[in-house]
Amino acid sequence: MSINWYKFASPASFYPLAGRLIPWFAMGAAVLGIVGAWIGLVIAPTDFQQGEAYRIIFIHVPAAWMSMFLYLVMAFWGALALGFNTRLSAMMAQAIAPTGALMTFIALCTGSLWGRPTWGTYWAWDARMTSELILLFLYLGVIALRNAIDDPRRADRACAVLSLVGAVNVPIIYFSVKWWNTLHQGSSVSLTAAPRMAAIMLTGMLIMSIAAWLYAIAVVLMRVRAIIVERERGSAWIAQLPELAR
Amino acid sequence: MIATAPAADRDPSPWRLDGELPRLTSRKEAGGRTAIIALFSKRKAVVPQTTMRPCMDVPIDHESTRPMAMLEAQDISARRGLTRLFAGLSFTVQAGEALVITGANGTGKTTLLRMLAGLSAPASGTISWRGQPLQPFDPTLRSALAFAGHLPALKDELTAEENLSSLVALSEGDADPERVRAALDEVALGRQRHLPARVLSQGQRRRIGLARLALLNRMLWLLDEPMTSLDAAGAALLARLIGEHVGHGGIAVAATHTAIDLADARVRTLALS
Amino acid sequence: MTDARTVGGAVYVAKDRFGATSATHDVAEHHGGVLAAMAWATKRDLKLAIRSRSELGVQLLFYVIVVSLFPLATTPERTLLATMGPGVLWVAALLASLLSLQRLFASELADGALEQIALSPFPLEGLVSGKILAHWLTTGLPVALLAPVLGIQYAMDAESLIVLVLALLLGTPVLSLLGAIGAALTVGLRAGSSLLALLILPLYVPVLIFGAGAVDAARAGLGAGANLSLLGAALLVSAVGAPFAAAAAVRIALD
């Protein structure tokens, strides 16, 4: 069966499709999240060095991975919006930014909480944590730019350019921060030196990562539906939506 | 609206074209705003076979009686935010014609002009130049265009002469100082040419823009509210420049809510509502 | 570019210097590439900058004041100052660059010149590059040349100062190039300068790290070569890429 993908490039046809997909992704995220949490909290053995406190990596690492992955996805949709001038691509990019920022924030908070019992400090200028902080600033910059521009088309394209410039710079920033950190290694040990991984721990992290990915897809689809309704509100098909009927 | 003296009252112009101008039909868009295209003047004339343009210095070859559509808009629409400014708008402008776009504030005159200049793309429909559909910032159009925007693009710190040279150099690569001075003299700014633009009045700043139009060797003039701040002499100068430009085969599109007295020129009006 | 039109109508048939036919009013030859565009923009912007000299002086003064604030806030103790010195001088250079970036495109938009620049037959990337070059000559270069004088306040020795100047000479053009992208994206917006800072400062981090790191490395005896090479690489990459991004941002802003 060949699907006419271009049909779904219009917000009017994508809206109901997204609505049908959301429950599946949400359920998948919930199921895998419970399984992953079970593995992480109950099944995985106590770590030799760090005790029970290490278990927070089952949230920290998936959140950090998602934060970086979502930025690339956002830049990808931005590139599509610039190249093909499609509204829906820009709306997808607009929907991803807040979730990406949230993932970054979770990664920073959990990383900070992990540092306290393990290394005695809430914040050490570790290479990865510092890069996460800068990534948070990049996300907030995209969100701030979108809020600052009134015209939606100009905002779409400006944010697309900004996220592409950011995406090119993220590896450079990470490399420079790593360089800076290794030079000043001094007394502090890397905060994210994960314990030697038992296979069950890796499995747990993988399952939690997939759960985070499914959660992100579900939330982004929900948000893009809201964005579609807001931005297309002059169209005829919006007025006929059952959820908007009084 | 546009005042033109009846044909019978004037001497026959040397630049006249065969045949009647085609009457354009109006299009209505259901539920949208209506664009009314009114053909304001049409006249018959005879055209010589070859003509020399005094300032262009090139021979012109007239081959048939139907003028070629140089600038064409097909079914274009524009939105500002969620409101639709106009829709289903179609018109053509041929060489040697002036198109005056009228309408109240907020009807989209400036938006339409900026679309014709290639600064933004229409929400739907196509704009074509010389038969080729245009993308925004199309290089061919940029080489053929003189755009006079709402603001005269003058730098306060530069003198009138420096401003004019700079703008002409931006469009043509370099500016011959003699021609720049001559152009300033022609717009009655000869004595003010060493003054910084900061101390010039609004009308004088506008005149520098007129001098720029006269200097540039461009076919398509897009003028946004060209009558702003001009006194009677300035308005007469503007009308003369447009009339000469159009008479020599150029195209002038002006968005204005003030009447421009374009005597002896082929003028059409597009009223946005 | 155009062919001889034989489809009806009044046709201007003129021979340009290449023997092809083109319409009368078209600019027949491609009269300038990127370098000509850069020359136009740099010349004009430098002329404008010289005529508003006081504005430039104020920005340099800002740099001097910020640098002088840090010892007041921390300590005048010489060894600590020597450690802080490169970092403070670099951060102040970043802030001074940010302060002046707003005027790169804002004044052009305000008086309608930005539309003329975008509609010029010159390539927009070239015009933007020229503006960036003029911005660096009036902002980054004076900061780089002034830094050694201020470095004396921070008890830095001669070798560190030389490396600092070299690093600033390589790094401040990158600040202008990346900053121009941000300035073009935020031109005409209400939030203006603070939004520009939020957008650009994360991108400045590598320049800051390698620039200040160069001086630290020289002081530690490790040699500044690696850091300076990385700064040079950043300069080459941004010199090629940033004008395209900034030109795209200008077109988006004019939409």
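Basis of the calculations
- Numbering of residues starts from 1 in every chain and runs along the sequence as written.
- All chains are assigned letters beginning at A, and all ligands numbers beginning at 1, according to the order in which they are written.
- The predicted origin of the model limits local features to residues at a pLDDT of at least 70 and limits the giving and counting of side-chain atom pairs to 80 or more, whereas totals for whole chains, interfaces and linings rest on all residues.
- Each helix is a run of DSSP H or I of at least 4 residues and each strand a run of E of at least 2, with the numbering of both proceeding from the N terminus.
- With C-beta atoms placed from the backbone, the exposure class of a residue follows from how many other C-beta atoms lie within 10 Å of its own: 20 or more, buried; 12 or fewer, exposed; in between, partly exposed.
- Any residue pair is listed as a contact if its two C-beta atoms, each placed from the backbone, are within 7 Å.
- Confidence of the prediction at every residue is given by pLDDT, a number between 0 and 100.
- Helix axes are fitted to C-alpha atoms over the stretch in contact, other axes to C-alpha atoms as well, and angles between N-to-C directions run from 0 to 180 degrees.
- What sets the label is the angle itself: under 35 degrees gives roughly parallel, over 145 gives roughly antiparallel, 65 to 115 gives roughly perpendicular, and the rest give oblique.
- Residues are sorted three ways: Asp, Glu, Lys and Arg are charged, Ala, Val, Leu, Ile, Met, Phe, Trp, Tyr, Cys and Pro are nonpolar, and all the rest, Gly among them, are polar.
- Here the rule is simple: two strands pair whenever DSSP picks up at least two bridges between them.
- Crossings are classed by handedness, with left-handed meaning an anticlockwise turn of the near helix from the far one by less than a right angle and right-handed meaning a clockwise turn.
- As used throughout, a nonpolar core is a set of buried Ala, Val, Leu, Ile, Met, Phe, Trp, Tyr and Cys residues joined through C-beta atoms within 7 Å of each other.
- By this rule the span expected of a helix is its residue count minus one, scaled by 1.5 Å.

**Points about the overall build of chain B**
No. 1: From N to C terminus, chain B includes 6 helices and 12 strands.
No. 2: Within chain B, the fraction of its 273 residues that count as buried is 45%.
No. 3: Taking contacts inside chain B between residues at least 6 apart in sequence as the whole, the part at least 24 apart equals 69%.

**Focus: the overall build of chain A**
No. 1: The secondary structure content of chain A amounts to 7 helices and 0 strands.
No. 2: Structurally, chain A occupies a C-alpha span of about 65 × 40 × 40 Å along its principal axes.
No. 3: The buried share of chain A, reckoned over its 246 residues, is 39%.
No. 4: In chain A, once contacts between residues fewer than 6 apart in sequence are set aside, the share between residues at least 24 apart is 80%.

**Considerations on the environment of Met-84 of chain C**
All names here are of chain C.
No. 1: In this fold, Met-84 is placed in helix α3 (residues 78–110).
No. 2: Separated by 14 residues in the primary sequence, Met-84 and Phe-70 have C-alpha atoms spaced 9.0 Å apart.
No. 3: In contact with Met-84, other than residues within four places in its own chain, are Phe-70, Thr-74 and Tyr-154.

**Focus on the confidence of the model for chain B**
Residue and element names in this part refer to chain B.
No. 1: When pLDDT is averaged along chain B, the result is 75, and 74% of the positions lie at 70 or above.
No. 2: For residues 1–66, every residue scores under 50 in pLDDT, and the model assigns this stretch 107 contacts once sequence neighbours within four places are set aside.
No. 3: Interface confidence in the predicted complex, given as ipTM, is 0.84; pTM for the same model is 0.83.

**A few points about the packing of helix α5 (residues 124–138) of chain C against helix α9 (residues 225–254) of chain C**
Packed helices, taken two at a time, are described by their axes: the angle between them and the distance between them.
All names here are of chain C.
No. 1: At their nearest, the axes of α5 and α9 sit 9 Å apart, and the two run at 105° to each other. Overall, the two elements α5 and α9 adopt an arrangement that is roughly perpendicular. Facing Leu-124, Glu-125, Val-128 and Ser-129 of α5, the residues of α9 in contact are Pro-243, Phe-244, Ala-246, Ala-247 and Val-250.
No. 2: Partitioned by chemical class, the residues of the contact of α5 with α9 number 7 nonpolar, 1 polar and 1 charged.

**Remarks on the pairing of strand β7 (residues 124–129) of chain B**
Residues and elements named next belong to chain B.
No. 1: Bridge analysis of β7 against strand β8 (residues 132–133) gives 2 bridges, and the strand direction is antiparallel. Residue pairing across strands places Ser-128 opposite Pro-133, the latter belonging to β8.
No. 2: Once β7 ends, the chain turns through 2 residues before running back antiparallel as β8, passing Arg-130 with a positive phi of about 55°.

**Some thoughts on the packing of helix α3 (residues 87–119) of chain A against helix α4 (residues 127–148) of chain A**
Residue and element names in this part refer to chain A.
No. 1: Orientation of α3 relative to α4, taken along the N-to-C sense of each, is 150°, at an axis distance of 9 Å. In terms of their interaxial angle, α3 and α4 are classed as roughly antiparallel. The interaxial crossing formed by α3 with α4 has left-handed handedness. Between α3 and α4, the contacting residues are Gln-94, Ala-97, Pro-98, Gly-100, Ala-101, Thr-104, Phe-105, Ala-107, Leu-108 and Gly-111 on the first element and Met-129, Glu-132, Leu-133, Leu-135, Leu-136, Tyr-139, Leu-140, Val-142, Ile-143 and Arg-146 on the second.
No. 2: Of the residues assigned to the contact of α3 with α4, the class counts are 14 nonpolar, 4 polar and 2 charged.

**Section: the nonpolar core**
Here is a general trend for soluble globular proteins: nonpolar side chains tend to be buried in one another's company.
No. 1: If you look at the biggest cluster of nonpolar residues, it comprises 224 residues, and the most contacted ones within it are Leu-222 and Val-253 of chain B together with Ala-184, Ala-249 and Val-250 of chain C.
No. 2: If we ignore the near neighbours within four places in the chain, the residues touching Leu-222 of chain B are Leu-113, Leu-116, Ala-117, Leu-145, Phe-147, Ala-148 and Val-253 of chain B.

**Section: unusual backbone geometry**
All names here are of chain B.
No. 1: Even without being glycine, Arg-130 reaches a positive phi, approximately 55°.
No. 2: In this structure, Arg-130 sits in the loop between β7 and β8.
No. 3: In this model, Phe-137 sits at a positive phi of 60°, which is unusual for a non-glycine residue.
No. 4: Phe-137 sits in the partly exposed class, given 18 other C-beta atoms within 10 Å.

**What to know about helix α3 (residues 160–172) of chain B**
No. 1: The terminal C-alpha atoms of α3 of chain B lie 18 Å apart, and with 13 residues this matches the ideal 18 Å at 1.5 Å per residue to within 8%.
No. 2: Within α3 of chain B, 12 of the 13 residues are buried, leaving the element largely enclosed by the surrounding structure.
No. 3: Those residues of α3 of chain B hidden inside the fold are in contact with α4 (177–186) and α5 (202–215) of chain B together with α1 (34–51) and α4 (113–118) of chain C.
No. 4: Within two residues after α3 of chain B, Gly-173 of chain B carries a phi angle of roughly 95°, on the positive side.

**So, the environment of Gly-115 of chain A**
No. 1: On the secondary structure map, Gly-115 of chain A appears in helix α3.
No. 2: Taking the C-alpha atoms as reference points, Gly-115 of chain A and Ile-143 of chain A, 28 residues apart in sequence, are found 29 Å from one another.

**A short note on the confidence of the model for chain A**
No. 1: In the predicted model, chain A carries a mean pLDDT of 87, and the fraction of residues at 70 or more is 91%.
No. 2: Averaged pLDDT values over the elements of chain A bottom out at 82 in helix α7 (residues 236–239) of chain A and peak at 94 in helix α2 (residues 57–84) of chain A.

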